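Overview (structure and organization)
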Amino acid sequence: MLEDKISKFKSVLKGHTELRAQVNTKRRVTLLNGNLVNNLRSEESGVSARVYKNGVYGFASSAEYSDEKIKAVLAAAEENAGFMDLHIKKNKPMFPSVGSGKKELQYTVKDVEQKVFIEFAKEIDAYISTKYPNLASRTVTAFSDSMEKLLVVSDGCDSHSLIPRSYVYLFMTANANDGTTVELFKPVGGFGYFSDIFTDPAALYEDIDNLYSDLMKKAEGVYCEAGYKDVVMHPNLAGILAHEAVGHPVEADLVLGGSVAAHNLGKQVASELVTMVDFAHTALGETVPLPVYVDDEGTPAEDAVLIKDGILVGYMNNRETAQHFGMKPQGNARAYLFSDEPLIRMRNTAILPGKDKLEDMIAAIDDGYYLIEPNNGQADTTSEFMFGVCMGYEIKKGKLGRAIRDTTISGVAFEMLKTVDMLSDDMVWLSAGVCGKKQPMPVGMGGPAIKCKVNIGGR
Amino acid sequence: MTNREIAEYTLDALKKAGADHAQCIVSTGKVDEFNVDGGEFSLLRTLFNSNITMKALKDGKKGIISANRLDKESIDKAVQECIAAAESSVSDEAEAIAPKIRNANFTAGVLEPDRDKLFDRIKEFVADVKNDYPKIILEQVISKYSSGESVFMNTNGVEFTYTCGNYDINAMFSAHEGEKSSSFNYYYALFDSLDRKLIDIGMQRTLFAESERQIDTKPFPGKTVGKVIISPACLAEMLFIAFGNFISDATIIDKTSPWISMLGKQVASEKLSVYTKPLDERVVCGERFTGDGFMSENMEIIKNGVLKNFYLSNYGSRKTGFPRALNLSQNLFVDPGDTSLDELIKNVDRGIIMNRFSGGQPSTNGDFSGVAKNSFLIENGKITHALSETMVSGNLADMFKNIIGISSETVCDGITVLPYILFDGITISGK
């Protein structure tokens, strides 16, 4: 656990200043066809300071975590803020108060030995290789990362926080019916340390069997017909839709940079069935996948409602953009490494469930697709989004047909969301992803099954 | 301790702790980074970076530790973890460290930065954009000076030192008119001199001008299998995806690459020649030694359509029996053709010119699909209008065989030197 060497400097922090000590860890073990091709442990730690001065920031960091270096990074950050203020002269006012206090650590810091990852991965690999010897290739990765932060601010809430995540990534490749190969991938895991989540390899056997079964169907699968199609998105896709299609365009820094959301606040951007929230730490009575209690500017975290009954009602802010837009900061300023400055980031972004049943949603489509598993995604400031789909089925006359090969779907979110006419009454959360925006960041995302229209790539 | 002393200490500690063979890379450096957000300066960031990556082999089993603390206590802890990781590992005869061939010290780039002049150049860049491209909003500009020293050593006596420094700029932007806007686009370039305006580097001006013409868009009309001109910035991304799927460790080791048996054979049009050239004078601070501990050399990947080399690490090479890559850089070069870009456009009856590909992760077999961003429709040999909601799909391996022409113009961004390429047989579909 991080030793607190920074609290004693709180009294010398000026204006708005953040002082943060942090350690990020990663553990990764990868078996490719039984060969251990990756056996890595990494740790990045240090201390940083960010100083706000009349509308500009200065930042400095050091890997060395000592009283002497803390003083040095504070001095360097102040000097950088002074340089920018001298040359830019924005003369902006100080931020309004966000309250004060201290949030203590909620969880226990642990270090799991590398052999725990290796032995678990070997058992999973042995199960796959024994039961499914006809696979063209198999990869098993046992992975965890963690982010522990100590934050002291001149004006706001201090905190000591920890977000550990652990996953087993399963990849399988099979020979397809047309002489090429097809592959499928599934992450299993979530919040917590590896040894807490993965106690018994047998608990993953059902996931492995299902993945293999899906892969065999995909090996016999067909390419999608390109065009504008009716689809049902499985809940696994709802979160990435929420994140990519709406989440990014309503990050206030992107709004200031010209996002289409700048012109749509208070307007109908989705069907009235759609409500979307960036949850801080609790959603629908339960702790979210990656809870954030205080952000890295010292703002206590609360939920940011983005779309309410189809109306765009808010942005995600840091303290500076909140002041600009006259909104309340809700704890979205997050930094990835000790050497990174806080940026506006999503936390746990979700579309809320509706009242429909999945089978009724599929039955309501005459000719379209049921899309089940996403891979990567990207958004545009115009709200045009795309994400890859690696598993799905045709829908013909209300019934599931043949499996499909990899495809990509796209649309303009603020138009596509108006085509949403059914939402399932259940919800799935995912947290294996990492959002990229200057810095990477672990994020949670979730939602129900969605019936709508999208562009689909194909032949 | 100096980086070299830290590396020596680490190797000695790994040997004493039981390693049969070991290697480590120790790096230290400094970064001064200016940030512009929404067209206004927002942040000056100074980083003092350090890193050590150590690898130990014990009984043919490997452990790797990466950390950023270089004090003796932290290194001692990392050494113990590295040995513990190796002891828990799986023995593999393909694991090895590089043999000593020839040690060397390298220096590249600009080692005496001028922070104030960089700041002035960025200010000038922001002003130039406002004046020359008034519809452009700079969503974010990040420009920095980075410098550092890296030392590689292993227990076979290999020793390399590399000292380098460079400037870079990463601009993200879109064009606006009233409530209408273009898609965002971005450009990244490395440079080692502040003698010229930042706006004149690489494709920056071209992309600003094109974004201003991408405010009013229409979807591609209908669906066709046709011609696509891929711009240099987009080509780099497509090549990296293809080489990741076709010639890199994972798919060569597991034999799922569609090019697994194609070394020395025709995999692309005879017009296509692709290289990685970290030592080319146009590359800023290119790779001088690989992470495996081999001195980098320029390498042919595809010559006149024939696959000349895979992109394998030393481990991948020993595992498969194919030669290792002579460098592991991303300094891609494609030979220019003898046709101007204008002539390539005149060759297209109905197709598109694509500046950015936003797509799902392509399959190992090369199948891809995604959105053609920042792209234009070409009809009867002329660019007619900008596109939105237009998707492209095809197969990368097939695409390389289906090249109609390569432009005589190339673009250098300090990392790659690439032309425009006209491909045929790609499915283009609108809404």
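The rules behind the values
Residues numbered from 1 in each chain as written. Chains lettered and ligands numbered in written order. Predicted model: local features only at pLDDT ≥ 70, side-chain atom pairs only at ≥ 80, totals over all residues. Helix = DSSP H or I, 4+ residues; strand = E, 2+ residues; numbered from the N terminus. Rg over C-alpha atoms; globule rule 2.2 N^0.38 Å. Buried ≥ 20, exposed ≤ 12 C-beta atoms within 10 Å, placed from the backbone. Contact = placed C-beta atoms within 7 Å. Nonpolar A, V, L, I, M, F, W, Y, C, P; charged D, E, K, R; others polar. Pairing = 2+ DSSP bridges. Domains from an automatic or database assignment. Axes fitted to C-alpha atoms, helices over the stretch in contact; angles between N-to-C directions. Parallel < 35°, antiparallel > 145°, perpendicular 65-115°, else oblique. Left-handed = near helix turned anticlockwise from the far one by under 90°. pLDDT = per-residue confidence, 0-100. Core = buried A, V, L, I, M, F, W, Y, C linked by C-beta atoms within 7 Å. Arc of directions from axis to C-beta. Expected span 1.5 Å × (residues − 1).

1. Some details on the overall build of chain B
Scanning chain B from terminus to terminus reveals nine helices and 22 strands. Relative to the 2.2 N^0.38 estimate, which gives 22 Å for 431 residues, the radius of gyration of chain B is 24 Å and therefore close to what a compact globule would have. If you line up chain B on its principal axes, its C-alpha atoms span 70 × 55 × 35 Å. The buried share of chain B, reckoned over its 431 residues, is 56%.

2. Points about the overall build of chain A
Scanning chain A for helices and strands turns up nine helices and 26 strands. Rg of the C-alpha trace for chain A: 23 Å, near the compact-globule value of 23 Å for 459 residues, within the 12% margin. With the C-alpha coordinates of chain A rotated into their principal frame, the extents come out at 70 × 55 × 40 Å. Classification of the 459 residues of chain A by burial places 60% in the buried group. Partitioning the contacts of chain A with sequence separation of at least 6, the portion at a separation of at least 24 is 73%.

3. A word on the interface of chain B and chain A
Taken together, the 60 residues of chain B in the interface contact 70 residues of chain A. The element contributing the most residues to the side of chain B that touches chain A is strand 2 (residues 40–58) of chain B, with nine residues. For the side of chain B that touches chain A, a count of residues per class yields 19 nonpolar, 28 polar and 13 charged. Pairing between strand 3 (residues 56–62) of chain A and strand 2 of chain B: six bridges, direction parallel.

4. A word on the domain arrangement of chain B
All names here are of chain B. Here chain B is described as being made up of domain 1 (3–211) and domain 2 (223–429). When each unit is reduced to the centre of its C-alpha atoms, the spacing between domain 1 and domain 2 is 24 Å. Every contact between the two is made by 30 residues of domain 1 and, on the other side, 23 residues of domain 2. Ranked by residues supplied to the side of domain 1 that touches domain 2, first place goes to strand 8 (residues 185–191) with six residues.

5. What to know about the domain arrangement of chain A
Residues and elements named next belong to chain A. Each domain of chain A was delimited in the assignment, giving domain 1 (7–219) and domain 2 (227–456). On the domain 2 side, the residues contacting the 39 residues of domain 1 number 23 residues. Counting only elements with at least two residues in the side of domain 1 that touches domain 2, the list comes to strand 1 (16–32), strand 2 (35–53), strand 3, strand 5 (137–153), strand 6 (157–175), strand 7 (181–191) and helix 4 (205–219). Considered class by class, the residues forming the side of domain 1 that touches domain 2 number 17 nonpolar, twelve polar and ten charged.

6. Section: the environment of Ser231 of chain B
All names here are of chain B. In this structure, Ser231 sits in the loop between strand 10 (223–230) and helix 5 (232–246). Sequence separation between Ser231 and Gly360 is 129 residues, and the spatial gap between their C-alpha atoms is 19 Å. Other than its neighbours up to four places away in sequence, Ser231 contacts Ile353, Met354, Asn355 and Tyr420.

7. Here's the deal with the packing of helix 1 (residues 3–16) of chain B against helix 2 (residues 72–87) of chain B
Residue and element names in this part refer to chain B. Relative to each other, helix 1 and helix 2 sit at 40 degrees, their axes nearing to 10 Å. Our classification of the angle between helix 1 and helix 2 gives oblique. The two elements helix 1 and helix 2 meet at a crossing, and its hand is right-handed. Across the interface between the two elements, Ile6, Tyr9, Thr10, Ala13 and Leu14 from helix 1 touch Ile75, Asp76, Val79 and Cys82 from helix 2. A class-by-class count of the residues in the contact of helix 1 with helix 2 yields seven nonpolar, one polar and one charged.

8. Considering the sheet that holds strand 12 (residues 304–308) of chain A
Residues and elements named next belong to chain A. Judged by pairing direction, the sheet is mixed, and its six strands sit side by side in the order 13-12-9-16-25-22 without closing on themselves. At either margin of the open sheet sits one strand with a lone partner, and together these are strand 13 (311–312) and strand 22 (428–430). The sheet contact formed by strand 12 and strand 13 spans two bridges and is antiparallel. Looking at the pairing, Lys308 lines up with Ile311 of strand 13. Lying on the sheet, helix 5 (residues 235–247) is in contact with strand 9 (276–279), strand 12, strand 16 (348–351), strand 22 and strand 25 (444–447); it crosses strand 25 at an angle near 115 degrees.

9. As for the confidence of the model for chain B
When the pLDDT values of chain B are averaged, the result is 96; 100% of them are 70 or greater. We note a pTM of 0.94 for the whole complex and an ipTM of 0.93 for its interfaces.

10. Thoughts on the environment of Lys102 of chain A
Residues and elements named next belong to chain A. Within the secondary structure layout, Lys102 lies in strand 4 (residues 101–103). A residue is classified by how many C-beta atoms lie within 10 Å of it, and Lys102, with 13 of them, is partly exposed. The spatial distance from the C-alpha of Lys102 to the C-alpha of Met276 is 29 Å, given a sequence separation of 174 residues. For Lys102, the contacting residues outside a window of four places in its chain are Cys157, Asp158 and Ser159.

11. Quick look at the pairing of strand 2 of chain B
Residue and element names in this part refer to chain B. With 15 of its 19 residues buried, strand 2 lies for the most part within the structure. Taking the residues that link successive antiparallel strands as the turn, the strand 1 (residues 21–37)-strand 2 hairpin has two residues, and the phi of Gly38 there is positive, at about 55 degrees. Across seven bridges, strand 2 lies against strand 3 (residues 61–67) in antiparallel orientation. Residue pairing for strand 3: Ala56 is matched across the bridge by Gly63. The turn joining strand 2 and strand 3, which pair antiparallel and follow one another in sequence, is formed by two residues; a positive phi near 55 degrees is taken by Asp59.

12. Structural notes on the nonpolar core
Residues Cys82, Ile229, Ile230, Ile352 and Met354 of chain B are the most contacted members of the largest nonpolar core, which totals 279 residues. Those residues in contact with Ile230 of chain B, other than ones at most four positions away along the chain, are Leu235, Met238, Met354, Tyr420, Ile421 and Phe423 of chain B.

13. Description of helix 4 (residues 204–212) of chain B
Residue and element names in this part refer to chain B. Within helix 4, burial applies to Gln204, Leu207, Phe208, Glu210 and Ser211. For helix 4, the angular spread of buried residues about the axis comes to 165 degrees, placing them on one side. Of the surrounding secondary structure, the elements contacted by the buried residues of helix 4 are helix 3 (115–132), strand 5 (136–154), strand 6 (159–177) and strand 8.

14. Quick notes on the pairing of strand 3 of chain A
Residues and elements named next belong to chain A. Strand 3 sits mainly inside the fold: seven of its seven residues count as buried. Covered by surrounding structure in strand 3 are Val56, Gly58, Ala60 and Ser62 together with Tyr57, Phe59 and Ser61, the residues of both alternating faces. With seven bridges connecting them, strand 2 and strand 3 associate as antiparallel partners. Its bridge partner lying in strand 3, Arg50 is registered against Phe59.

15. Examining helix 2 (residues 114–131) of chain A
For helix 2 of chain A, with 18 residues, the first-to-last C-alpha span of 26 Å sits near the 26 Å given by 1.5 Å per residue. Where helix 2 of chain A is concerned, the buried positions are Gln114, Phe117, Ile118, Phe120, Ala121, Ile124, Asp125 and Ile128 of chain A.

16. Observations concerning unusual backbone geometry
Residue and element names in this part refer to chain A. Unusually for a residue other than glycine, Ser383 sits at a positive phi of about 80 degrees. Mapped onto the elements of the fold, Ser383 is located in the loop between strand 17 (367–379) and strand 18 (384–396). We classify Ser383 as buried; it has 24 C-beta atoms within 10 Å. Although it is not a glycine, Lys438 sits at a positive phi angle of roughly 65 degrees. Following the sequence through the fold, Lys438 ends up in the loop between strand 23 (434–437) and strand 24 (439–442).

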